[in-house]
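Each chain, letter by letter, is given below.
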There are 2 protein chains.
Amino acid sequence: MTVTIKDVAQAAGVSITTVSRVLSNKGSFYSEKTARKVKKTAEKLGYQKNTAAAELATQKSKAIGVVINSTQTNFSNSIIEGIQQEANEHDLSAIIVYAGVGDAQMQHRAIQTVIERSVKGILLLSVDVSTDDLALLNQAQIPYISLSQAFTDEQISYISSNDLEIGYQATSYLLNKGHRKIGLAGIDVQKNAMTGRNRLAGYEKALAEAGIKPLKKWIQYGDYSYDAGIDAMKKFGEHSGMTAVVAASDMVGIGLLNQAHDYGIAVPDDLSIISIDGTDLCKIVQPQLTSVTQAFFEMGVEGVRALESGRTTKFTSIKIEERGSVKPM
Amino acid sequence: MTVTIKDVAQAAGVSITTVSRVLSNKGSFYSEKTARKVKKTAEKLGYQKNTAAAELATQKSKAIGVVINSTQTNFSNSIIEGIQQEANEHDLSAIIVYAGVGDAQMQHRAIQTVIERSVKGILLLSVDVSTDDLALLNQAQIPYISLSQAFTDEQISYISSNDLEIGYQATSYLLNKGHRKIGLAGIDVQKNAMTGRNRLAGYEKALAEAGIKPLKKWIQYGDYSYDAGIDAMKKFGEHSGMTAVVAASDMVGIGLLNQAHDYGIAVPDDLSIISIDGTDLCKIVQPQLTSVTQAFFEMGVEGVRALESGRTTKFTSIKIEERGSVKPM
DNA sequence: GGTCAAAAAGAAAACGTTTGCAATAGCTAT
DNA sequence: ATAGCTATTGCAAACGTTTTCTTTTTGACC
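Now for a look at the structure at hand. This one's a predicted model, so the numbers in the text were calculated from it and none came from an experiment.

### Section: the protein's contact with DNA strand C
- Around DNA strand C, the surrounding shell holds 29 residues, and the nearest of these are S15(A), R21(A), I5(B), S20(B) and Y47(B).
- In DNA strand C, atoms within 4 Å of the protein come from the sugar-phosphate backbone in 64% of cases.
- Between DNA strand C and the protein, one listed contact pairs a phosphate oxygen with a backbone N or O atom of S15(A) at 2.6 Å.
- Residue Q59(A) places a side-chain N or O atom 3.1 Å away from a sugar or linking oxygen belonging to DNA strand C.
- Its residues assigned to classes, the surface near DNA strand C shows 11 nonpolar, 14 polar and 4 charged.

### A short note on the sheet that holds strand β7 (residues 219–221) of chain A
Residue and element names in this part refer to chain A.
- Strand order in the open sheet made by the 6 strands is β7-β6-β8-β9-β10-β12, with mixed pairing throughout. The sheet is open, and its two borders are formed by β7 and β12 (318–321), each paired with just one other strand. Direction aside, neighbouring strands of the sheet carry axes that sit 15 degrees apart on average.

### Comments concerning the packing of aromatic side chains
- Enumeration according to the criterion identifies 4 aromatic pairs over all chains in this entry.
- Ring centres 6.2 Å apart and planes at 45 degrees place the aromatic pair Y158(A) and F315(A) in the tilted group. Taken as a pair, Y158(A) in strand β5 (residues 158–160) and F315(A) in strand β11 (residues 314–315) lie far apart in primary sequence, 157 residues in all.
- A residue is classified by how much of its surface remains accessible, and F315(A), at 43% relative accessible area, is partly exposed.
- Aromatic side chains F75(B) and F296(B) sit 4.4 Å apart centroid to centroid with 5 degrees between the ring planes, which places their arrangement in the stacked category. Note that F75(B) is positioned in helix α5 (residues 73–89) and F296(B) in helix α12 (residues 296–309), a separation of 221 residues in sequence.
- The ring centre of Y168(A) lies 4.5 Å from the NZ or CZ of K205(A), which sits over that ring.

### Observations regarding the interface of chain B and chain A
- Facing 47 residues of chain B, the contacting portion of chain A comprises 47 residues.
- At the surface where chain B touches chain A, the tally comes to 4 salt bridges.
- Between E55(A) and R117(B) there is a salt bridge, with its nearest N and O atoms 2.6 Å apart.
- Put simply, chain B and chain A have 15 residue pairs in polar contact (both at pLDDT 80 or more) between them.

### Focus: the protein's contact with DNA strand D
- In the neighbourhood of DNA strand D, 29 residues make up the surrounding shell, with S20(A), Y47(A), S15(B), T17(B) and R21(B) lying closest.
- Each atom of DNA strand D within 4 Å of the protein was assigned to sugar, phosphate or base; sugar and phosphate come to 63%.
- Here a phosphate oxygen of DNA strand D and a side-chain polar atom of Y47(A) are 2.8 Å apart.
- One of the side-chain N or O atoms of Q59(B) is found 3.2 Å from a sugar or linking oxygen in DNA strand D.
- When residues of the surface near DNA strand D are traced back to their parent elements, those giving at least two are α2 (16–23) and α4 (51–58) of chain A together with α2 (16–23) and α4 (51–58) of chain B.

### Concerning the pairing of strand β2 (residues 93–98) of chain A
Residues and elements named next belong to chain A.
- Burial runs high along β2: 6 of the 6 residues are buried.
- Burial along β2 is two-sided: S93, I95 and V97 and A94, I96 and Y98, pointing in opposite directions, are all buried.
- Looking at chain direction, strand β1 (residues 63–68) and β2 are connected through 6 bridges and run parallel. Residue pairing in the sheet places V67 in a bridge with V97 of β2.

### What about the pairing of strand β1 (residues 63–68) of chain B?
All names here are of chain B.
- Counting buried positions along β1 gives 6 out of 6 residues, so the element sits mostly inside the fold.
- On β1, burial covers both faces: A63, G65 and V67 on one face and I64, V66 and I68 on the other are all buried.
- Sheet topology places β1 next to strand β3 (residues 121–125); 5 bridges connect them, and they run parallel. For I68, the partnering residue across the bridge sits in β3 and is L125.

Conventions we followed
- Residues numbered from 1 in each chain as written.
- Chains lettered and ligands numbered in written order.
- Predicted model: local features only at pLDDT ≥ 70, side-chain atom pairs only at ≥ 80, totals over all residues.
- Heavy atoms only, no water.
- Near = heavy atom within 4 Å.
- Polar contact = N/O pair within 3.5 Å; in protein donor to acceptor, adjacent residues only side chain to side chain.
- Nonpolar A, V, L, I, M, F, W, Y, C, P; charged D, E, K, R; others polar.
- Pairing = 2+ DSSP bridges.
- Helix = DSSP H or I, 4+ residues; strand = E, 2+ residues; numbered from the N terminus.
- Axes fitted to C-alpha atoms, helices over the stretch in contact; angles between N-to-C directions.
- Phe/Tyr/Trp six-rings, centres within 6.5 Å; stacked < 30°, edge-to-face > 60°.
- Buried < 20%, exposed > 50% of the residue type's maximum accessible area, 1.4 Å probe, protein only.
- Lys NZ or Arg CZ within 6 Å of the ring centre and 35° of its normal.
- Contact = heavy atoms within 4.5 Å.
- Salt bridge = Lys/Arg side-chain N within 4 Å of Asp/Glu carboxyl O.

Written out as structure tokens, the structure is:
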């Protein structure tokens, strides 16, 4: 029923070898004339390549697997776009599979799926790799890279922002604006990924350098979500005495913003907020959120490049974008 | 290097047939004892199935292809989650390919990619199918369904909201609240998809039933984006006389909201806004946006069900969610 | 026209599964 | 013990490509 290379060969009056060579552009093993003929009949017959067969024959895949944790989706789109663009460049296709949210079993299964498709490399998007996952990954002999999250475990390569630097710069920025009582909201320090712990370390470092010891209540943990922002603000309370907060993500920043609004705390007049991520969300709230912006698109691009060229551990750039949510003391 | 079914067979002292049957759970063609033995050796050797080979042999795929237009990404996540959940249910995996934004060639190529992987079905997410795409799709003999967008072309099955009804209900809701001068912002009526035209028709129908003929300037076209919302509000101007607007999407709604804010127009006191989509974005702006909420997750679920069961054209439910952006006259 | 190298084309094996069919082993009923 | 089952196992072909190795064709040169 489906038309194969064989049908094309027959119709064009050549061997399947020739058809294969023409259709996969294998240099100059054929004449221009036959090439034209083959291409035309292929077109006419509506031939579609069978990737499964090709990959089986060549023993290599033209696909990269992307495993994505669907929780923090507001920046993963940018990463995926970066991946997609660079993949196109290398004539690769991306197979994206969702790992659910916080479901260890589903996540394991997602990894399994891409491995079984014997992709040439795996990109892990905000995936909190477990020991089991790691074992599976290593056994499969397929290169993999974590995107946007760093791990202590030496064997996990990653491409991400330098989270310590993020925490440090965000906090320093506020210090430079004259703030002294600075909070940190929404970070998660329980995960395998180092993200939360590193940002916290950066925050503490900047504060320490300024001779400030943060009160315990200045630091509110959470899962980077909008609700975590709301909760953090509630924990801070209406009269915290704090003048500025570093939000662990844009969503946390917005949660903070809205709860502050409910409390009648004006941003940035009464409270300054700087959020981490710098996605488009920052621009659609009022006031717009000043942010430490990460280079998500670039992470995607660099991810596939690293897969192509061998492993690399690398930080992507960050920059502070000033909008309207921070005011000097 | 990679361990195959053959290695497992050898190590376990059985034929590859038996291994194949055990590992793919083919009923009771083997004894419990051998099954255990095979499974154990497979595990020990770190065997991973080669999906390409399996799909080639069975002539059928356990994957569905999802082609997604990356523009309107704020609701596609929900759809994808629905797809993913239902796919898991059916032991299917989803291959997601991005079609870029408004790049006809890249879109065509994305469709090509999933076809070449001979998936068992294709889901098109907010893809504005062109004539060329359609030809390709039809020729491939693979069932496909458009999600979230309907087309006039009879041959394109779709699962989406009833856009006429959306426009009608949104407008009627405002009419019931006593509004008379009602605008419509951000719709696109140029595309192949009927979305924009249907919503416009619903809007006009509701107005007509109330005996109102909309002024030309009440209707502002756009591409469903945040900027389209900003632009629309600018076109409306500071003194439009309108008391309510239907926004073509949440992003448009937020654009409207912010530009209104800049003009010193209070929402909902001076202007009511109802937006179409009802994603989480509605809840993170101030005031929260009242919306006609679409069942995106359900679209995803129904999409893979339809692919499993044969084609269906079907509308998913919509409902109005009252939040803070509409006020009775 | 004959020689020879280069270019073009083809035959066949290989990739790792699944599966129809054949073969064997293990029973039960005689 | 034997025929006749059934439950289990194995052989070998098939899936649609790619690629190595051979063979054929072409055409440039004398």
